[in-house]
Amino acid sequence: MAAGSQRRFSVLPGFGLTLGFTTFFLSAIVLLPLAALVLRTAEISIDDFLAIVLDERAIATYRLSFGAAALAALINAIFGFIVAWSLVRYDFPARRLLDGMIDLPFALPTAVSGIALAAVFSPTGWLGERLATLGMQVAYTWLGVVVALVLIGLPFVVRSVQPALVEAQRDLEEAAETLGAGGWYVFRRIIFPTVAPALVTGFTMALARGIGEYGSVVFISGNLPMQTEITPLLIVIKLEQFDYDAAAALGFIMLVISFVMLLAINLVQAWGRRRLGLEGRR
Amino acid sequence: MTAVTLPAPRRAEGIGARVVRALLIGIAVSFLALLLLAPLGAILAQALERGVQVYLDSFADSDTRAAIRLTLLTAAIAVPVNTIFGVCAAWAIARFEFRGKSLLITLIDLPFAVSPVIAGLVFVLLFGSHGWFGAWLLERDISIIFALPGIVLATTFVTFPYVARELIPLMQQQGSEEEVAAITLGARPWTVFARITLPKIRWGLLYGVILCNARAMGEFGAVSVVSGHIRGLTTTMPLHVEILYNEYNFVAAFAVASLLALLAMLTLVAKSLVEWRMGSGRT
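Predicted, not measured: the structure shown is a model, and the values here were computed from it. (Residues numbered from 1 in each chain as written. Chains lettered and ligands numbered in written order. Predicted model: local features only at pLDDT ≥ 70, side-chain atom pairs only at ≥ 80, totals over all residues. Heavy atoms only, no water.)

Draft legend 1. Focus on the overall build of chain A. Each helix and strand counted, chain A has 13 helices and zero strands in total. Taken from N to C terminus, the helices and strands of chain A fall in the order α-α-α-α-α-α-α-α-α-α-α-α-α. When its C-alpha atoms are laid out on the principal axes, chain A stretches across 70 × 65 × 30 Å. Burial status across chain A gives 55% buried among its 282 residues. A sequence separation of at least 24 residues applies to 74% of the contacts in chain A between residues at least 6 apart. Approximately 12,400 Å² of chain A is accessible, and the part contributed by carbon and sulfur atoms is 65%. (Helix = DSSP H or I, 4+ residues; strand = E, 2+ residues; numbered from the N terminus. Buried < 20%, exposed > 50% of the residue type's maximum accessible area, 1.4 Å probe, protein only. Contact = heavy atoms within 4.5 Å. Areas by Shrake-Rupley, 256 points an atom, 1.4 Å probe, with all protein chains shown as cover.)

Draft legend 2. The packing of helix H8 (residues 162-174) of chain B against helix H10 (residues 189-218) of chain B, seen in detail. Residue and element names in this part refer to chain B. Two elements in contact, H8 and H10, have axes whose closest approach is 8 Å; the angle formed by their N-to-C orientations is 160 degrees. Between H8 and H10, the crossing angle belongs to the class labelled roughly antiparallel. Considering how the two elements wind past one another, H8 and H10 form a crossing that is right-handed. Where H8 approaches H10, its residues Tyr 162, Val 163, Glu 166, Leu 167, Leu 170, Met 171 and Gln 174 are matched on the opposing element by Thr 197, Lys 200, Ile 201, Gly 204, Leu 205, Tyr 207, Gly 208, Val 209, Leu 211, Cys 212 and Arg 215. Each residue belonging to the contact of H8 with H10 can be placed in one class, and the counts come to 11 nonpolar, four polar and three charged. (Axes fitted to C-alpha atoms, helices over the stretch in contact; angles between N-to-C directions. Parallel < 35°, antiparallel > 145°, perpendicular 65-115°, else oblique. Left-handed = near helix turned anticlockwise from the far one by under 90°. Nonpolar A, V, L, I, M, F, W, Y, C, P; charged D, E, K, R; others polar.)

Draft legend 3. Looking closely at helix H8 (residues 126-133) of chain A. The complete set of buried residues in H8 of chain A reads Leu 127, Gly 128 and Leu 131 of chain A. In a view along the axis of H8 of chain A, the buried residues occupy a sector of 100 degrees, so they form one face of it. Away from its buried face, by an angle of more than 90 degrees, H8 of chain A presents the exposed residues Arg 130 and Thr 133 of chain A. Where H8 of chain A is buried, its residues contact helix H7 (110-121) of chain A together with helix H1 (15-47) of chain B. Directly beyond the C-terminal end of H8 of chain A, a positive phi value near 80 degrees is found at Gly 135 of chain A. (Arc of directions from axis to C-beta.)

Draft legend 4. Looking closely at the packing of aromatic side chains. All chains considered together, the criterion is met by 27 aromatic pairs over all chains. When the centroid spacing of 5.7 Å and the interplanar angle of 25 degrees are considered together, the rings of Phe 25 of chain A and Phe 160 of chain B count as stacked. One end of the pair, Phe 25 of chain A, is in helix H2 (residues 15-42); the other, Phe 160 of chain B, is in the loop between helix H7 (148-158) and H8, on a second chain. Relative accessible area serves as the criterion here: at 9%, Phe 25 of chain A is assigned to the buried category. Given the relative accessible area of 0%, Phe 160 of chain B is considered buried. (Phe/Tyr/Trp six-rings, centres within 6.5 Å; stacked < 30°, edge-to-face > 60°.)

Draft legend 5. Region of interest: the confidence of the model for chain A. When pLDDT is averaged along chain A, the result is 89, and 90% of the positions lie at 70 or above. Predicted confidence for residues 1-8 of chain A stays below pLDDT 50, and this span has six contacts to residues more than four positions away or in other chains. (pLDDT = per-residue confidence, 0-100.)

Draft legend 6. Local environment of the pattern of salt bridges. Under the defined criterion, the tally for this structure stands at 17 salt bridges over all chains. The partner of Asp 245 of chain A in a salt bridge is Arg 40 of chain A, and the shortest N-O contact between them spans 3.6 Å. Highlighted residues: Asp 245 of chain A in helix H13 (residues 244-275) and Arg 40 of chain A in helix H2, separated in sequence by 205 residues. In this structure Asp 245 of chain A comes out as partly exposed when scored by relative accessible area, which is 32%. A relative accessible area of 13% places Arg 40 of chain A in the buried class. Ionic pairing is found between Arg 231 of chain B and Asp 63 of chain B, a salt bridge with its closest N-O pair at 2.9 Å. One end of the pair, Arg 231 of chain B, is in the loop between helix H11 (221-227) and helix H12 (237-246); the other, Asp 63 of chain B, is in helix H3 (residues 62-95), and 168 residues separate them in sequence. Its relative accessible area of 34% is what places Arg 231 of chain B among the partly exposed residues. Through salt bridges that share partners, Asp 99, Asp 103 and Arg 159 of chain A together with Lys 271 and Glu 275 of chain B make up one connected network. (Salt bridge = Lys/Arg side-chain N within 4 Å of Asp/Glu carboxyl O.)

As structure tokens, then:
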């Protein structure tokens, strides 16, 4: 049925009502409030805006938020891949349990993750204590931010890679093995290229989530200006000082970054579909 | 984000393959133990540090009880509202063709892409004392920010897509032949929805509601921005955890956190059960 014709000839009721309510509710809860942020930013003069967003302290927060999120997403791309691979390919005790636990960071409130990680990694915590004897401190340093973002980003990579690995295993790989190719060769030439788009998608999603993350980070990061302060925290601080202009300007920057990340995720997914010749299959 | 059905693993062959296999499983299990199990263990250990009695006593505190009540109340408003929205959006999107549909789907997903702090910020800019409607609201003595309405709005924002994004693909995949047949035979619209559509989508709906509820009860960043942290009045459970933690009242902080962790574990179990029920009905 051609697009546009089904609506006119559909016998099903409720199109106007449900679409109307959907549009209204979406506008009221999401779109208008976000538009308010953009308009509020537009009221700031360009000089003030630049002074706020290019402030030394603000730039330090971008560096930490972006750098820690990128490093965490990279760690997740490597270890998340190994986790997904082990869960899909191997049988071992507690495999199903661990598979179910992958979604824990989604289900666990971020504040709870935050204080739990702080308890594990603080200099008096059971792991922090051992690391301290090695001269390494995680909690209340930038490393703490990375650890929190690794936790938050893990499910994105694993849940993105798992279905791709299942798919890769079914189709191509057995054909290659039948033809006599060895393990590493099969991995490098067949499995990895098939899974790569899913891995990049997972990386980008973990990165996007990490840049905006707040709850799990603030308990373990120490929150020192210029050193361990993330951008969302700076926005909260500006709001607490009733500096709405600064909060709006920094929020606007984060909103733009979110849109860029959203665009990047869509481009990566489109690239993956093209690359695997799945256009039209999903 | 759903788990895949794990396929039956194949037998590993050869000594090299077995070493690689043991190595990779070792890395994977250690990584997950460090990242997921250690924090869970830490919550329990800290909460029970001074014994079960002290742990249980921390729930007798009136501010803690108020926080639990506020969390339940917030979820009791935000989850049903987003469920109704999700069903409406899925009906419109999955059952009809119209222009701008893919844009609409993208916009519904938007709250997932936005930082929780931004979700709180936008409502402060609108309704805060220095916000657009601040003076107007103050004259009429209406509080939104630092009060229940703000907390509910921020929670609704961050949990907005959960039900809709679960139902849209499910209903698109199921098609509408049965509904069309029923309508053609003269069934009333509400009957069609209650007797045909609802039974078809119930597991997907339940799945979305479970995830929506977990996020609604656990949201921290967005709610933190709009709540004002007034003890016993505008602190939800996650915010109460923060207050107790910052007061170095660790046993009480981790006791409340353990309740939230229990909620998370129940969510995971319920999610797995629903995934199992949906079984081969999902792609």
